[in-house]
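# Architecture at a glance
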Amino acid sequence: MNPDILKERASATFDVDKLTYILDGGQEKTERRREIESMVFSNPDFDEVDPNFLSSSERYDQAVRKSALMIQKMREYGIADPDDIMYYKRCVQRDKPVPLDLHLGMFLPTLLNQATPEQMDRYFMPAWNFEIIGTYAQTEMGHGTHLRGLETTATYDPDTQEFVMNSPTVSSIKWWPGGLGKTSNHAIVLAQLHTLGTCHGLHAFIVPLRDMDTHQPLPGVVVGDIGPKFGFQEVDNGFLKLEHVRIPRENMLMKYSKVEPDGTYVKPPSAKLTYGTMVFIRAYIVADSGRSLSKAATIAVRYSVVRHQSEIRPGQPEPQILEYQTQQYKLFPILATAYAYTFVGQYMTKTYQRISGDISEGNFSELPELHALTAGLKAFTTWGASAAIEVCRMSCGGHGFSRCSALPDIYVNFTPSCTYEGENTVMMLQTARYLVKSYQQAKAGQRLSGTVAYLNDTGARRVQPQPVSARPVVADVNDLSGLVEIYKLRASILVELAAKSIQQELQRRKRQEEAWNNSAIDLVRASDAHCHYVVVKLFSDKLGEVGDAAIHSVLSTLALLYALHGITNNSGDFLQAGLLSVPQMRQISTSVKELLSGLRPNAVALVDAFDFNDKTLNSVLGRYDGNVYENMFEWARSSPLNATEVHESFHKYLKPLRSKL
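Residues numbered from 1 in each chain as written. Predicted model: local features only at pLDDT ≥ 70, side-chain atom pairs only at ≥ 80, totals over all residues. Heavy atoms only, no water.

Quick look at the overall build of the chain now. Looking only at helices and strands, one finds 23 helices and eleven strands in the chain. In terms of C-alpha radius of gyration, the chain reaches 27 Å, essentially the compact-globule figure of 26 Å for 661 residues. Viewed in the frame of its principal axes, the chain has a C-alpha envelope of about 90 × 80 × 65 Å. Buried residues in the chain amount to 54% of all 661 residues. Look at the contacts in the chain between residues 6 or more apart in sequence, and 73% of them connect residues 24 or more apart. A total of about 29100 Å² of accessible surface is found on the chain, and carbon and sulfur atoms cover 53% of it. Considering the chain, the positive charge centre built from 68 side chains and the negative charge centre built from 73 side chains are found 6 Å apart. (Helix = DSSP H or I, 4+ residues; strand = E, 2+ residues; numbered from the N terminus. Rg over C-alpha atoms; globule rule 2.2 N^0.38 Å. Buried < 20%, exposed > 50% of the residue type's maximum accessible area, 1.4 Å probe, protein only. Contact = heavy atoms within 4.5 Å. Areas by Shrake-Rupley, 256 points an atom, 1.4 Å probe, with all protein chains shown as cover. Lys, Arg positive; Asp, Glu negative; His and termini not counted. Charge placed at Lys NZ, Arg CZ, Asp CG, Glu CD.)

With that settled, consider the sheet that holds strand 4 (residues 174–175). Spatially, the three strands line up as an open sheet ordered 4-8-7, and their pairing is antiparallel. Edge positions in the open sheet fall to strand 4 and strand 7 (221–225), since each of these has one partner strand only. (Pairing = 2+ DSSP bridges.)

Interaxial distance between helix 9 (residues 325–360) and helix 10 (residues 367–395) falls to 10 Å at its minimum, and their mutual angle equals 155 degrees. Judged by the inter-axis angle, helix 9 sits roughly antiparallel to helix 10. Pair helix 9 / helix 10 crosses with left-handed handedness. The residue makeup of the contact of helix 9 with helix 10, split by class, is 18 nonpolar, six polar and one charged. (Axes fitted to C-alpha atoms, helices over the stretch in contact; angles between N-to-C directions. Parallel < 35°, antiparallel > 145°, perpendicular 65-115°, else oblique. Left-handed = near helix turned anticlockwise from the far one by under 90°. Nonpolar A, V, L, I, M, F, W, Y, C, P; charged D, E, K, R; others polar.)

For helix 19 (residues 582–599), which comprises 18 residues, the first-to-last C-alpha distance of 26 Å matches the rise-based estimate of 26 Å (1.5 Å per residue) to within 8%. Looking at helix 19, one finds that the buried residues are Gln584, Met585, Ile588, Ser591, Val592, Leu595, Leu596 and Leu599. All buried residues of helix 19 project into a common sector of 145 degrees when viewed along the axis, lining one side. Away from its buried face, by an angle of more than 90 degrees, helix 19 presents the exposed residues Pro583, Arg586, Glu594 and Ser597. Of the surrounding secondary structure, the elements contacted by the buried residues of helix 19 are helix 9, helix 17 (549–569), helix 18 (571–576) and helix 20 (603–608). (Expected span 1.5 Å × (residues − 1). Arc of directions from axis to C-beta.)

What follows concerns the pattern of salt bridges. The final tally for this structure, using the stated rule, is 42 salt bridges. Its salt-bridge partner being glutamate 48, residue arginine 94 comes within 3.9 Å of it at the nearest N-O pair. Residue arginine 94 is found in the loop between helix 5 (82–93) and helix 6 (101–114), and its partner glutamate 48 is found in the loop between helix 3 (27–41) and helix 4 (56–77); the two are separated by 46 residues along the sequence. With relative accessibility at 18%, the residue glutamate 48 sits in the buried group. Overlapping salt bridges bring together Asp17, Asp24, Arg33, Arg34, Glu37 and Asp611 as one network. (Salt bridge = Lys/Arg side-chain N within 4 Å of Asp/Glu carboxyl O.)

Right, let's talk about the confidence of the model for the chain for a bit. Scored by pLDDT, the chain comes out at a mean of 93, with 97% of its residues at no less than 70. Here residues 459–463 is modelled with pLDDT under 50, and outside its nearest four sequence neighbours on either side it reaches 14 contacts, counting other chains as well. (pLDDT = per-residue confidence, 0-100.)

Before going further, it helps to spend a moment on a nonpolar patch on the surface. On the surface, Met1, Leu6 and Tyr624 cluster together into a nonpolar patch covering about 290 Å² of accessible area. Within the secondary structure layout, methionine 1 lies in the segment before helix 1 (3–10). (Patch = residues over 30% accessible without salt bridge, like charges linked within 9 Å, V, L, I, M, F, W, Y side chains within 5 Å.)

Taken as a whole and judged by the stated rule, the model has 17 aromatic pairs. Ring geometry for tyrosine 341 and phenylalanine 380: centres 6.4 Å apart, planes at 65 degrees, overall edge-to-face. A residue pair is termed long-range when its members are at least 10 positions apart, and tyrosine 341 in helix 9 and phenylalanine 380 in helix 10 qualify at 39 residues. The exposure classification of tyrosine 341 matches that of phenylalanine 380, with both residues buried. Here arginine 9 stacks its cationic end above the ring of tyrosine 624, 3.6 Å away from the centre of that ring. (Phe/Tyr/Trp six-rings, centres within 6.5 Å; stacked < 30°, edge-to-face > 60°. Lys NZ or Arg CZ within 6 Å of the ring centre and 35° of its normal.)

Our next topic: the pairing of strand 5 (residues 186–195). Of all ten residues in strand 5, nine are buried, a share of seventy percent or more. Relative to strand 5, strand 1 (residues 134–137) is paired through four bridges, and the arrangement is parallel. Within strand 5, the position partnered with tyrosine 136 by the bridge is isoleucine 188. Here three bridges tie strand 2 (residues 153–157) to strand 5, and the two strands are oriented parallel to one another. Within the sheet, the bridge partner assigned to alanine 154 lies in strand 5 and is leucine 193. Looking at chain direction, strand 5 and strand 6 (residues 198–208) are connected through nine bridges and run antiparallel. Counterpart to threonine 195 in the pairing with strand 6 is threonine 198. Joining the antiparallel neighbours strand 5 and strand 6 is a turn of two residues, in which leucine 196 adopts a positive phi near 55 degrees.

Let's shift gears to the nonpolar core. In terms of nonpolar packing, the biggest core is built from 130 residues, with Tyr339 and Ile567 touching the most fellow members. The biggest single contributor to this core is helix 9, with 15 residues. (Core = buried A, V, L, I, M, F, W, Y, C linked by side-chain atoms within 4.5 Å.)

Each pair of packed helices can be summarised by the angle the axes make with each other and by the distance between the axes. As a packed pair, helix 12 (residues 424–443) and helix 16 (residues 520–543) sit with axes 8 Å apart at the nearest point and diverge in direction by 85 degrees. Relative to helix 16, the element helix 12 lies roughly perpendicular. For the pair formed by helix 12 and helix 16, the contact residues are Thr425, Met428, Leu429, Thr431, Ala432, Leu435 and Val436 on the first element and Ala520, Leu523, Val524, Ala526, Ser527, Asp528 and His530 on the second. Among the residues forming the contact of helix 12 with helix 16, the class breakdown is nine nonpolar, four polar and one charged.

Here it is, written out as structure tokens:
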């Protein structure tokens, strides 16, 4: 063990394992996760060649090999619990995206949520047993987030009781689905349903892509890999062009909507049910924001106590870079954000499961809020995490640029979440649509519940921006409950301002669409404020569940830092609304510095509580033992370029230059 990191762990004021139990959702889950980690990491069959030294084709091959072995081992051990499957997969794939992700994460869940019992009998078990390997083909070359603009068609032919699947334009070619290029033999394809001369919008269809024995593309199916990307090097993101491919009527997923044999269309109870898989994935992405940011924070904090540089006092030994206040200011708010997003992820998972249960029983009342909340929080957390991961990389100096740090891979594999499953600005506008509608309902006297309950005040009490000279809302800026209140008021004010902006545009005789576009900046700000309030409130609420005094203390410090740092970054909103005064903003600056100092002794313990195994973290800089430099040297020596002392290019190109002088 590196002595610096040993010293850091000795300074912790709380039991790390107990905090890990909270992050995992209970001691039993932690113990089961560790048991599975031990099972996987002790099996040499799962060892891999460092992907950084492989070509894209070799990385894909290695990922498929490990995925197939993983499935065999889970069958052998009888692992079927969803949490256990998730733990096992994370250990095997080490949190990297892999070709089977969409089969497990979208194809199977879509069948569960949208297939009839007959379709489940026909497709689910073959898919569960990997006879059918599926993907989820939604995004097209010309359209992604704007789902209504998708061009792929499914035209019903009542004479044969078949759907004719077609890609009518170049821009309608399906583009980006993971596992589509080379892995999958089926796809759930989202297409515009046409029957009896009428278009009924997007619906999901099961489309066979490849021969089940030879894996060759079927007639009319043009499919392949889209080529190298910014990240996701193991994944065969693909394209799909359908040339009048016929599928049976029964291949339309018909749990909620269906087409009768004669072509009659039966509409679903809610149009949003078609997008159920996306809602599920967005909820998952919120949780993944916390996990990815936690990994980056772990690496940066551990490295910052091992790395010594420069001088604080002349003539004294070089201090750990985490002793510098600027480094603490970079990393500790990120650490607080990682905890905040982790707790929000827990909440979203539970909320999705609860509302999904209601939906399965025919209760769709909370579906609009679930749709709005997952859209907004997906955007809010991915924007925040993506930016923070990059700060973690830069905080590690030059070594953060090396792939041995794992930070470049964490960034390039996480940042696409800002655009997939809904581009973030559009997601914020979707949330804004729900907020404005809720505001109008509250203004009309309707009682709201859930995360928008704070808008009830707009019906009885007008929430107006106050003059700067007005008395601030909170007396103590270090009172977390008071900060939750001003975050709530900020959200309420910005929602009302956005709604008023639309109204003013309409009064200028603008069309509804123009009024919306001309107010879009205000609408995104309102959604951002709403999501920020939800995150602060959920972090505060989580503290009420923590009984251990030492853990409650350190989590309270993190929650307060998260809230105050958020105010610092959005000071204009709070000052303009009169929610805080200028002297209070100065006090917040002082409080943030005090919180940084207070968190310093627990920094390593707080990242240790995330409990990332070294093989999962896969970072030389973030090693648990802190032995960075020795292992960085060994990693570099393993580069294929070092396989020979003299590279063949010297003899082929460089040496001949001498004879031509």
